[in-house]
Amino acid sequence: MLENIGNCCGYYPACVNKHNPTDPSAMRAECKREGVMSACGFPAIRPCRCAARHRVAVNAAAGAFGPH
């Protein structure tokens, strides 16, 4: 499933297993506590699918599959 996993910049979508919880606010708090920043922006993800027991996304620009 496609979900916001967060990063030190804020919103960051990724394909994740629906049974693995994500906590974007905890990610932001850790970034703040550690004084870490990240590049802003995120990939354009379309459908997620399973491949080799991992979630992968279709890269909308290239139409290629990649791990996320």
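Draft legend 1. Fine view of the state of the cysteines. Scanning the model with the defined rule gives two disulfides in all. The disulfide that involves Cys 9 links it to Cys 40, with 1.8 Å between the sulfurs. Between Cys 9 and Cys 40 the disulfide shows an S-S torsion of about 95°. By sign, it is right-handed. Taken together, the residues Cys 9 in the loop between strand 1 (2–4) and strand 2 (13–15) and Cys 40 in the loop between helix 1 (24–34) and strand 3 (45–51) connect sequence positions 31 residues apart. Note on Cys 40: relative accessible area 61%, which makes it exposed.

Draft legend 2. Broad picture of the confidence of the model for the protein. When pLDDT is averaged along the protein, the result is 77, and 79% of the positions lie at 70 or above. Within the protein, the lowest mean pLDDT, 44, falls on strand 5 (residues 65–67), and the highest, 91, falls on helix 1. Scored below 50 in pLDDT, residues 60–68 makes 19 contacts in the model with residues more than four places away or belonging to other chains.

Parameters and conventions
- Residues numbered from 1 in each chain as written.
- Predicted model: local features only at pLDDT ≥ 70, side-chain atom pairs only at ≥ 80, totals over all residues.
- Heavy atoms only, no water.
- Disulfide = S-S within 2.5 Å.
- Helix = DSSP H or I, 4+ residues; strand = E, 2+ residues; numbered from the N terminus.
- Buried < 20%, exposed > 50% of the residue type's maximum accessible area, 1.4 Å probe, protein only.
- pLDDT = per-residue confidence, 0-100.
- Contact = heavy atoms within 4.5 Å.

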